[in-house]
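Report on the structure
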Amino acid sequence: MRPSRRTTISVSAVLLAGFAWVSAPASALEPSPGITDLVKDIDQILGDARLTPARAGVVVRSATSGEELYTQDSGKILTPASNAKLVTSAAAVDVLGLDYRFTTDVLSTGRRAGSVLTGNLYLKGTGDPTLLAADYDALAARVAAAGIKVVTGKLVADDTWFDSVRLGTDWAWDDEPYYYAAQISALTASPDTDYDAGSVIVSVSPGDAPGKPAKVSTTPETDYLKIDNRATTGAETDVLVERQHNTNTVVITGTVAEKYDEWVAVDDPTRYVSSLFRKALARHGVRVLGSTGREATPAGAVTVASHESMPLGELLVPFLKLSNNMHAEILAKAIGRKVSGAGTWSAGLAAITSFAQANGMPTLRMRDGSGLSRVDGLTPGGITNLLIALRSKPWFSTWYGALPIAGDPGRMVGGTLRSRMRGTPAAGNVHAKTGSLTGVTSLSGYVTSADNEPLVFSVMLNQFLSGSPKDIEDKIAIRLAQFSRIAPADVATVQLRQVPQETADLECSWLKPVGC
């Protein structure tokens with residue numbers, strides 16, 4: 001039998017009323033017909049058979065008063081998946097500021113004699129996930145424009161702004177080759193303007209004739225990856241692109257009838273960036289006679305060229321709309337560097353946890369910044385507390401605008417909700433963060449009711465066995481958009497787009513090139 005649920009009076013309301021509630025007439029404590037109807041409808045939605053063996057935590061609250069309109073297991077720790085990014089992104093803006101920019105510098109040591117630098121050239125990064133190969137090329141062009149043509153020493157990569165731990169403690173071993181679990185480094189590069197840091201796009205196209213070898217290229221063009229192409233041209237595209245563990249060898253098998261792209265995480269982003277930059281220098285006529293090394297830039301080094309990223313306020317859009325894991329982890333380490341001088345997960349997560357606890361989340365466990373870890377734990381009650389607290393922040397409107405918007409087809413508007421709740425009262429209304437892992441789905445955010453009342457909600461579903469229950473989240477969000485305190489809603493049957501099971505286990509923006 002399913003546990004019963006009831007509406008509750010918020011603690012703050014009770015405290016404000018003092019002891020007056022004891023003598024209040026019973027009718028004053030009874031929920032309105034609209035709330036009673038809402039509770040009945042959400043109970044019915046959560047009666048779905050797919051949730052019988054699962055765990056479900058759901059909280060709905062008024063965003064202005066904090067009143068609880070619906071609650072089930074509000075204090076239970078559940079796996080949040082990418083709902084963890086709500087915490088990380090808000091902490092990043094609060095600690096670093098909307099104007100925060102990542103810097104990448106080229107510096108020199110030694111002495112200059114005309115066009116010859118007798119010393120080393122250093123490339124120093126602070127984790128910028130937005131750097132493209134073209135940006136490293138522009139840095140190389142500035143070195144040449146500064147008059148340096150020969151470097152007698154080494155090209156040195158300085159990634160010491162962050163520590164050398166590249167992967168999250170709890171990340172799955174079999175996720176390692178994929179771009180959504182790419183390695184974290186203070187020197188990294190993205191292949192596209194989604195800013196998928198630490199990855200390369202491997203493109204497989206048909207060859208000259210059926211049965212002939214497929215053609216393979218990379219974006220950016222690089223020989224850092226070793227391509228082992230075993231794929232052939234065929235009548236259909238059924239191709240596997242996989243980087244072998246702990247190497248940069250990419251094995252391609254299967255058949256291809258039309259171009260297929262796969263985003264592949266590189267092993268050691270620092271070394272990858274060094275190769276991009278060294279070749280860019282050569283293209284611009286700068287010869288480095290020494291080898292490529294890796295160490296900290298010495299004090300007194302002279303800046304030759306610099307690059308600044310977009311401000312964090314702009315980066316929030318691809319970060320949250322597309323649920324970019326690498327942005328979350330880079331920001332976690334950047335927070336640690338800002339707060340304690342240590343660009344580590346432990347320092348960053350400690351600061352993120354402190355921020356969350358100061359903003360209504362007394363119970364949480366953060367093992368990474370993105371939610372890729374299955375050891376992360378949040379409560380739906382804590383999430384709604386945070387969502388309410390953030391409304392008073394001076395930067396809230398920018399952060400809120402970066403959340404995915406239900407049913408909006410624009411990739412950088414609807415984001416991971418662009419294909420969900422279309423044609424319903426929730427479309428263009430719900431601003432929320434999605435989250436997906438195998439057996440985990442979550443949706444938390446903001447919605448405006450039919451009475452124009454702002455609400456916050458959190459739906460966290462864990463340990464379901466089969467069949468994606470994302471439509472359950474959508475039904476709850478749609479019902480909230482229809483909610484009226486005055487009277488029961490006239491709820492029509494809504495046909496929702498079903499999420500295919502093969503795409504249900506990951507955020508749709510992680511499913512390149514298919515998407516959702």
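Since the structure is predicted, the reported quantities are computational estimates derived from the model, not experimental observations.

Along the backbone of the protein chain there are twelve helices and 21 strands. Residues classed as buried in the protein chain amount to 57% of the 516 residues present. Long-range contacts, defined here as pairs at least 24 residues apart, represent 69% of the contacts in the protein chain between residues at least 6 apart. Carbon and sulfur atoms form 54% of the exposed surface of the protein chain, whose accessible area is close to 20,500 Å².

Residue threonine 219 is joined to proline 220 through a cis peptide bond whose omega torsion reads -5 degrees. Residue placement: proline 220 occurs in the loop between β10 (215-219) and β11 (226-229).

So, on to the nonpolar core. Soluble globular proteins: nonpolar side chains tend toward being buried together. If you look at the biggest cluster of nonpolar residues, it comprises 62 residues, and the most contacted ones within it are Leu312, Leu390 and Trp399. Counting residues per element, this core draws most heavily on helix α4 (residues 84-96), which supplies eight residues. When near neighbours in sequence (up to four residues on either side) are disregarded, leucine 312 contacts Ala92, Val93, Leu96, Gly97, Leu98, Tyr100 and Leu331.

Another point: the pattern of salt bridges. This model, assessed by the stated rule, comprises 25 salt bridges. Of the charged contacts in the structure, one is a salt bridge between arginine 479 and aspartate 37, with a shortest N-O distance of 3.0 Å. With a gap of 442 residues between them, arginine 479 in helix α12 (residues 470-481) and aspartate 37 in helix α3 (residues 33-45) connect regions that are remote in the sequence. This pair shows no difference in class: arginine 479 is buried, exactly as aspartate 37 is. When the shortest N-O distance is used, the salt bridge between arginine 294 and aspartate 159 registers 3.4 Å. With arginine 294 in strand β17 (residues 292-294) and aspartate 159 in the loop between β8 (155-158) and β9 (199-205), the pair connects residues that are 135 residues apart, well separated along the chain. Under the relative-accessibility criterion, aspartate 159 is labelled buried at 7%.

This part takes up the sheet that holds strand β5 (residues 116-118). In space, the four strands of this open sheet follow the order β4-β5-β7-β16, with mixed pairing throughout. The two strands at the open ends of the sheet, each matched to only one other strand, are β4 (111-113) and β16 (287-288). Pairing analysis gives two bridges linking strand β7 (residues 150-151) to β16, with the strands arranged parallel. Looking at β16, one finds that valine 151 is bridged to valine 288.

Turning our attention to the sheet that holds strand β6 (residues 121-125). Pairing is mixed across the open sheet formed by five strands, whose spatial order is β17-β8-β6-β3-β18. With one partner strand each, in any of the chains shown, β17 and β18 (302-308) form the two edges of the open sheet. On average, adjacent strands in this sheet sit at an angle of 20 degrees to one another, irrespective of strand direction. Sheet analysis places β6 next to β8, joined by four bridges and oriented parallel. Bridging from a neighbouring strand, leucine 121 pairs with leucine 155 of β8. Relative to the sheet, helix α5 (residues 133-145) contacts β3 (103-108), β6 and β18, its axis offset from that of β18 by approximately 150 degrees. Those strands touched by helix α6 (residues 269-283) are β3, β6, β8 and β17, and its axis lies near 140 degrees from that of β8.

With that settled, the discussion passes to the confidence of the model for the protein chain. Here the protein chain shows a mean pLDDT of 91. Residues at 70 or above account for 89%. A low-confidence stretch, residues 1-28 stays under pLDDT 50, and its non-local contacts, those more than four residues away or across chains, total 25 contacts.

Right, let's talk about the environment of threonine 344 for a bit. Relative to the helices and strands, threonine 344 resides in the loop between α8 (325-340) and α9 (345-358). Dropping the residues within four chain positions of it, threonine 344 is found in contact with Asp163, Ala332 and Lys333. Here serine 346 takes part through its side chain, which lies 3.2 Å from a polar atom of the side chain of threonine 344. Polar side-chain contacts of threonine 344 include one of 3.0 Å to the backbone nitrogen of alanine 347.

So, on to the packing of aromatic side chains. Enumeration according to the criterion identifies eleven aromatic pairs in this entry. Look at tyrosine 179 and tyrosine 180: their rings are 6.1 Å apart centre to centre, the planes differ by 75 degrees, and that puts the pair in the edge-to-face class. No difference in accessibility class separates tyrosine 179 from tyrosine 180, as the two residues are buried. With centroids separated by 6.2 Å and ring planes inclined at 40 degrees, the aromatic side chains of phenylalanine 396 and tryptophan 399 adopt a geometry described as tilted. Within this pair, phenylalanine 396 and its partner tryptophan 399 are both found in helix α11 (residues 396-401), separated by three residues, close to a single helical turn. Each member of the pair phenylalanine 396 and tryptophan 399 is classed as buried. Through successive ring pairs, a cluster of aromatic residues spans Tyr178, Tyr179, Tyr180 and Trp263. In this structure, lysine 333 packs its charged tip against the face of tryptophan 345, placed 4.2 Å from the ring centre. The ring of tryptophan 161 has arginine 337 lying over it, and the distance from NZ or CZ to the ring centre is 3.8 Å.

So, how was this worked out
Residues numbered from 1 in each chain as written. Predicted model: local features only at pLDDT ≥ 70, side-chain atom pairs only at ≥ 80, totals over all residues. Heavy atoms only, no water. Helix = DSSP H or I, 4+ residues; strand = E, 2+ residues; numbered from the N terminus. Buried < 20%, exposed > 50% of the residue type's maximum accessible area, 1.4 Å probe, protein only. Contact = heavy atoms within 4.5 Å. Areas by Shrake-Rupley, 256 points an atom, 1.4 Å probe, with all protein chains shown as cover. Core = buried A, V, L, I, M, F, W, Y, C linked by side-chain atoms within 4.5 Å. Salt bridge = Lys/Arg side-chain N within 4 Å of Asp/Glu carboxyl O. Pairing = 2+ DSSP bridges. Axes fitted to C-alpha atoms, helices over the stretch in contact; angles between N-to-C directions. pLDDT = per-residue confidence, 0-100. Polar contact = N/O pair within 3.5 Å; in protein donor to acceptor, adjacent residues only side chain to side chain. Phe/Tyr/Trp six-rings, centres within 6.5 Å; stacked < 30°, edge-to-face > 60°. Lys NZ or Arg CZ within 6 Å of the ring centre and 35° of its normal.

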